[in-house]
Amino acid sequence: MPLTNHSLNNISTSPILLSGLTSPQTLAMESSAYTDWAKGAQESSVEAAPYCCAACDGGELHSRGNAMRGRPKARSLSASPALGNSTDYRRTQSLHGPSPVTTFGPKACMLQNPKAVMSESRASTGEVKEAHRALNLLLLVKTHHMKGMKLKQQSTGDGNNNRVWKWHIQDPASQRLTWNKPPKSVLVIKKIRDPSLLQPFKELCIFLTEVKGMIVYVERKVLEDPAIAGDESFVAVKKKFCTFQEDFDDISDQVDFIICLGGDGTLLYASSLFQESVPPVMAFHLGSLGFLTPFNFDTYQSQVTQIIEGNTAIVLRSRLKVKVVKECREKKPSAIQCGADEKGLILTNGESEISRRAMQYQVLNEVVVDRGPSSYLSNVDLFLDGHLITTVQGDGVIVSTPTGSTAYAVAAGASMIHPNVPAIMITPICPHSLSFRPIVVPAGVELKIMLSRDARNTAWVSFDGRKRQEVCHGDSITITTSCFPVPSICFRDPVNDWFESLAQCLHWNVRKKQNYLGSEEEEEF
C-alpha cells in the first residue's frame, strides 16, 4: 500500500534536518528508525488526507473556493472563526518551526535558485553508499522536506578510496519571486486621510490601468475621499476600478500582488486582509518611518515593471497564528442561535450556561497583552507547549515575530531579529522583576496566555494594534507560527534592505567617531 500524505506529515522533521548537518554514519543510524516505521505504515491502512504545507498536519488547509467579488461573508477578513469540528489539528515540531508555503496568491511562487550554502564531510565509499541508501528512504517518507538538498560524491584524490559528500542547502537570503502566469490584477492600498498621497495614488493607478492594462482593486473608503471623488479628470480611471469593503468582500483569490502607498501601517493592513496565502507586497516609502517600505516612489514605473516581469528578491516575513477562546457565562433558554462565531460548545453549570467563542487572527508584528485601563499589575500565566514557564506581572507582555522585533518590542528592550530568523520573541512590558529579560524561543513552539487565577483585574489584548478586546478569567490566547508568511518584495536583497532600514530609520549605532591619536600623543601613553 503506498504511503499517504497523512502518514508522511506525521513524521517529525528534526532527524532529517540533523542528518543534513552530520556524518553519513548518523544518517544511516537514523534511517533504521524510518525503515521500521515505513514497514508498519505499509501494513496499516491509513485514509488519505488532503495535502497541506510541509509543516502542517492539516491545520491550515489550502482550501479556497471560487470567491466572487461582492459576495457577503459571515466572517471578518482580519479575523476568522476557529473551525468547529472535533479534530484539533496542530503542525508538527521541527528545528526551525513550520515550513512556509512557497506559493503566494493565485500566480506568484518561489523561484528555484541554485545558490546554496554548502557543508561537507569526509567519509569512506561504504559509508557514502550507506548514506545514499538512507537518503533514498528519507526521500521516500519525507520528499517535500528535502527539496533544495542534494547529495553529491567527489573524489578526494588521496588514494585511500575516500569520498567527500556535500549537502546543498537553500540559502534563505537568496529567495526570489517568479510568476506561474503573468500577473493581471493588483491591489493598491493607500493611507487614509493623507492629502500628500493623492497625487502619487492617481499617477500609479493611471500607469497600472492605461499603460500596463492591469485590473486595479481599491478599497471603497479610499475612493470616498472628497479630493478623489470630486476630481473630474479621474472619473474615467475610477470606472475601471474593482472596489471592495473590508469584513465583507473576499478578494483572496482575485489579487496577484499588492502595492502599498504610505508607511508601515499599510503593510500591516495588507497582511490583515489575507488569512491564508498572501500575494507579494511592494511597499513604497510615503509615510513617516518606513522601516518596512524600501521602495522610493520617484522611479515607480521602472520598479513596478520589474516586479511584473518577475525574478525579484523577496523576504518571507513570518506571521503568528493566534486563536482566542472566550468563555461567555449567560442564562440562556436553549443552546440554539449562539452566533456564527461560536464553536457551539455549551456546558450547563447550575443555572448558567458556558459558551465558548473562538476567533483566529493572522498577526505580522506582535500580540500585546496589557493591563488596560486598570491601575493594578497585569497577572497572566505563560505556557510553552503545555508547560507553565512563568507568570508575567507588570504592565503586560509582547509576543512578536522577527518583523515585529523592531517595533513595540525593541522599545520595550528587546533585541532586533532579522526576518529570516525562524523565532518568536517574548518581551515583558515594565515587569515587576529585574531578572525578567526578553527571550527568544523557536518558531515551532506553541505559546498559550491565560489570566492567572489570583489576578486582581482583567487584561486586554490587541493584534498589530487592532481588534483590541478584553481577556477575562477562563479565556485563552494560543499563539503559533503561521504557515502563511507575507512575501515582502526587496529593493536589493533581505540583508542589505534590513541593515539599510536600521541605519536610516532607527539610526542604529550612530555616534560621533573617536578622534585619531597622533604620534606624539601615542608616545605619551
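Each remark here, short or long, concerns the structure printed above.
Values in this document were obtained by computation on a predicted structure and should not be read as measured data. Numbers given to residues run from 1 along each chain, matching the order in which its sequence is written. Whole-chain, interface and lining totals are the exception, using all residues; otherwise, since this is a predicted model, local features are given only for residues with pLDDT of at least 70 and side-chain atom pairs are given and counted only at 80 or more. Hydrogens and water are ignored here; the side-chain numbers use all heavy atoms of the structure.

A.B. asks: Requested: an account of helix α5 (residues 198-211), with residues and values cited.
C.D. replies: Taking 1.5 Å as the rise per residue, α5 with 14 residues should run 20 Å; its terminal C-alpha atoms sit 19 Å apart, in good agreement. Accessible area is worked out with a 1.4 Å probe on protein chains only. A residue is then buried under 20% of its type maximum, exposed over 50%, and partly exposed in between. Secondary structure elements follow DSSP: runs of H or I of four or more residues count as helices, runs of E of two or more count as strands, with numbering from the N terminus. Taken together, the buried positions of α5 are occupied by L198, P200, F201, K202, L204, C205, F207, L208 and T209. Two residues or fewer after α5 comes G213, characterised by a positive phi angle close to 65°. What a helix should span is 1.5 Å times the count of its residues minus one.

A.B. asks: Any chance you could break down the pairing of strand β18 (residues 378-384) for me, citing the residues and the numbers?
C.D. replies: Taken across its seven residues, β18 has seven buried, putting it largely inside the fold. Side-chain alternation along β18 places S378, V380, L382 and L384 on one buried face and N379, D381 and F383 on a second face that is also buried. Note: β18 against strand β19 (residues 387-400), seven bridges, orientation antiparallel. By the bridge assignment, V380 is partnered in β19 with V392. What sits between the antiparallel neighbours β18 and β19 is a turn of two residues, in which D385 has the positive phi angle 50°. Here a strand pair is declared whenever DSSP counts at least two bridges between the two strands. Sheet topology note: the β18/strand β22 (residues 447-451) ladder contains five bridges and is antiparallel. Bridge pairing links F383 to K448 in β22.

A.B. asks: Explain helix α9 (residues 264-272) residue by residue, including any values.
C.D. replies: Within α9, eight of the nine residues are buried, which leaves it mostly tucked inside the rest of the structure. Burial in α9 covers these residues: D264, T266, L267, L268, Y269, A270, S271 and S272.

A.B. asks: Could you give an account of the pattern of salt bridges, with specific residues and numbers?
C.D. replies: Salt bridges, as used here, are contacts in which a Lys or Arg side-chain nitrogen is within 4 Å of a carboxyl oxygen on Asp or Glu. As enumerated under the stated definition, the model contains eight salt bridges in all. When the shortest N-O distance is used, the salt bridge between K326 and D475 registers 3.7 Å. Of this pair, K326 sits in strand β14 (residues 320-330) while D475 is found in the loop between β24 (466-471) and β25 (476-481), placing the two residues 149 residues apart along the sequence. By relative accessible area, K326 is classed as buried at 11%. One salt bridge connects R371 with D395, and the closest N-O pair in it is separated by 2.8 Å. Note that R371 is positioned in the loop between β17 (366-370) and β18 and D395 in strand β19, a separation of 24 residues in sequence. Since its relative accessible area comes to 24%, D395 is described here as partly exposed.

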